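The residues making up each chain are set out below.
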Amino acid sequence: MLRAMRQNASSWIIKILLLAIVIAFVFMGLGSYQSQTPSKIAVVNEQPISIDEYRETYNNLLEQVRQQFGNNLSPELLKMMNLKKQTMDRLIARALILQEAEKLNLLVSDDELTDAIRNISVFKRSGSFSVPTYEKLLRRVGTSPEQFEEEQRKQMLTEKMRQLITGSIMTTE
């Protein structure tokens, strides 16, 4: 009888251990699957807009509004301005403009990008561009030179496309 109890006890222990292992593998697999799927908030013509892009654009817009209104900025005014919708509208418009620029084969050359970055005053020391200052300031805001340069390229391309559009508009009296 003692022998039968030991055999049954060990089979239950084995079953519980196997169940625990299976559960662990299921949750580990689920976690790795979720980490592989990009976090996107919207898709514009098959191009995703990431949550990170949204947050950065929202924070930039919020900072602009704070600078503009200063101490007069109230929660009611923020709610009335609907910054979340404005952020989405900007990101969608930007995605559409960049997609159209790509269709028209508009590009920002490396030289154009370099010149634009070298002319940003916060990166200058004693009147000329400073690589250490550039890298230090980018680290301070939590971005890499590659990310910053890609963002600058997108902004410049967006501006090129806007100039192309507005330059071709003819107005009459």
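Residues numbered from 1 in each chain as written. Predicted model: local features only at pLDDT ≥ 70, side-chain atom pairs only at ≥ 80, totals over all residues. Heavy atoms only, no water.

Asks: Explanation requested: the layout of surface pockets in the structure shown.
Replies: A water-sized probe, rolled over the atoms, reveals where empty space remains. A volume near 1100 Å³ is recorded for the largest pocket. Considering the residues around the largest pocket, the lining is formed by 29 residues, among which Glu 56, Asn 60, Arg 94, Glu 151 and Gln 155 are closest to the centre. Among the elements of the structure, helix H2 (51-69), helix H4 (83-103), helix H6 (131-140) and helix H7 (145-167) are those that each provide at least two residues to the lining of the largest pocket. In terms of residue count, H7 provides more of the lining of the largest pocket than any other element does, 10 residues in total. When grouped by side-chain class, the residues that make up the lining of the largest pocket number 10 nonpolar, nine polar and 10 charged. The volume enclosed by the second largest pocket comes to roughly 230 Å³. Contributing to the lining of the second largest pocket are Gln 47, Leu 98, Ala 101, Glu 102, Asn 105, Leu 106, Leu 107, Val 108, Glu 150, Arg 153, Lys 154 and Leu 157. The set of elements that each furnish at least two residues to the lining of the second largest pocket consists of H4 and H7. Per-element tally for the lining of the second largest pocket: the top contributor is H7, with four residues. Of the residues contributing to the lining of the second largest pocket, the split by class is six nonpolar, two polar and four charged. (1 Å grid on protein atoms, 1.4 Å probe; cavity = no way out; pocket = protein on both sides within 12 Å on 5 of 7 lines; lining within 4 Å. Points joined across faces, edges and corners; volume = space filled by probe spheres on them. Helix = DSSP H or I, 4+ residues; strand = E, 2+ residues; numbered from the N terminus. Nonpolar A, V, L, I, M, F, W, Y, C, P; charged D, E, K, R; others polar.)

Asks: So what exactly am I meant to see when it comes to the packing of aromatic side chains here?
Replies: Under the defined criterion, the tally for this structure stands at six aromatic pairs. Plain terms: the ring middles of Phe 123 and Phe 129 are 6.3 Å apart, the flat faces sit at 80° to each other, and that makes the pair edge-to-face. We note that Phe 123, like Phe 129, is buried. Each ring, one from Tyr 134 and one from Phe 148, has its centre 6.0 Å from the other, and the planes form 70°; the classification is edge-to-face. (Phe/Tyr/Trp six-rings, centres within 6.5 Å; stacked < 30°, edge-to-face > 60°. Buried < 20%, exposed > 50% of the residue type's maximum accessible area, 1.4 Å probe, protein only.)

Asks: What's the story with the pairing of strand E1 (residues 40-44) in this structure? I'm lost.
Replies: A regular strand places its side chains so that they alternate between the two faces of the sheet. Strand direction decides the pairing type here: E1 and strand E2 (residues 47-50), joined by four bridges, are antiparallel. When the bridges of E2 are listed, Val 43 appears paired with Pro 48. Between the antiparallel neighbours E1 and E2 lie two residues, among them Asn 45 with a positive phi of about 50°. (Pairing = 2+ DSSP bridges.)

Asks: What is the right way to read empty space enclosed by the protein from this model?
Replies: Taken as a whole and assessed by the stated rule, the structure comprises one cavity of 30 Å³ or more. Mapped by element, the contributors of at least two residues to the lining of the largest cavity are E2 and H4. The leading source of residues in the lining of the largest cavity is H4, at four residues.

Asks: Hey, could you run me through the pattern of salt bridges in this one?
Replies: Oppositely charged side chains can pair when the atoms bearing their charge come close. The full count for this structure, using the stated rule, is six salt bridges. Salt-bridge contacts for Lys 85 lead to Asp 89; the nearest nitrogen and oxygen are separated by 2.9 Å. On the criterion of helical spacing, the pair formed by Lys 85 and Asp 89 is a turn pair, its members being four residues apart in helix H4. For Asp 89, a relative accessible area of 38% puts it in the partly exposed group. Notably, a salt bridge pairs Lys 103 with Glu 100, separated by 3.8 Å at the nearest N-O pair. (Salt bridge = Lys/Arg side-chain N within 4 Å of Asp/Glu carboxyl O.)

Asks: How should I be thinking about the confidence of the model for the protein chain in this particular structure?
Replies: Scored by pLDDT, the protein chain comes out at a mean of 83, with 78% of its residues at no less than 70. Per-element averaging of pLDDT across the protein chain places helix H1 (residues 2-36) at the bottom with 56 and helix H5 (residues 110-118) at the top with 95. Taken as a whole, residues 31-36 scores under 50 in pLDDT and shows zero contacts with residues more than four places along the chain or in a different chain. (pLDDT = per-residue confidence, 0-100. Contact = heavy atoms within 4.5 Å.)

Asks: What am I meant to see in unusual backbone geometry here?
Replies: What you tend to see is this: most non-glycine residues have negative phi, and most peptide bonds are trans. Of note in this structure, Asn 45 is not a glycine but carries a positive phi near 50°. Since its relative accessible area comes to 57%, Asn 45 is described here as exposed. Despite not being glycine, Asn 82 has its phi angle at roughly 50°, a positive value. With respect to the helices and strands, Asn 82 occurs in the loop between helix H3 (75-81) and H4.

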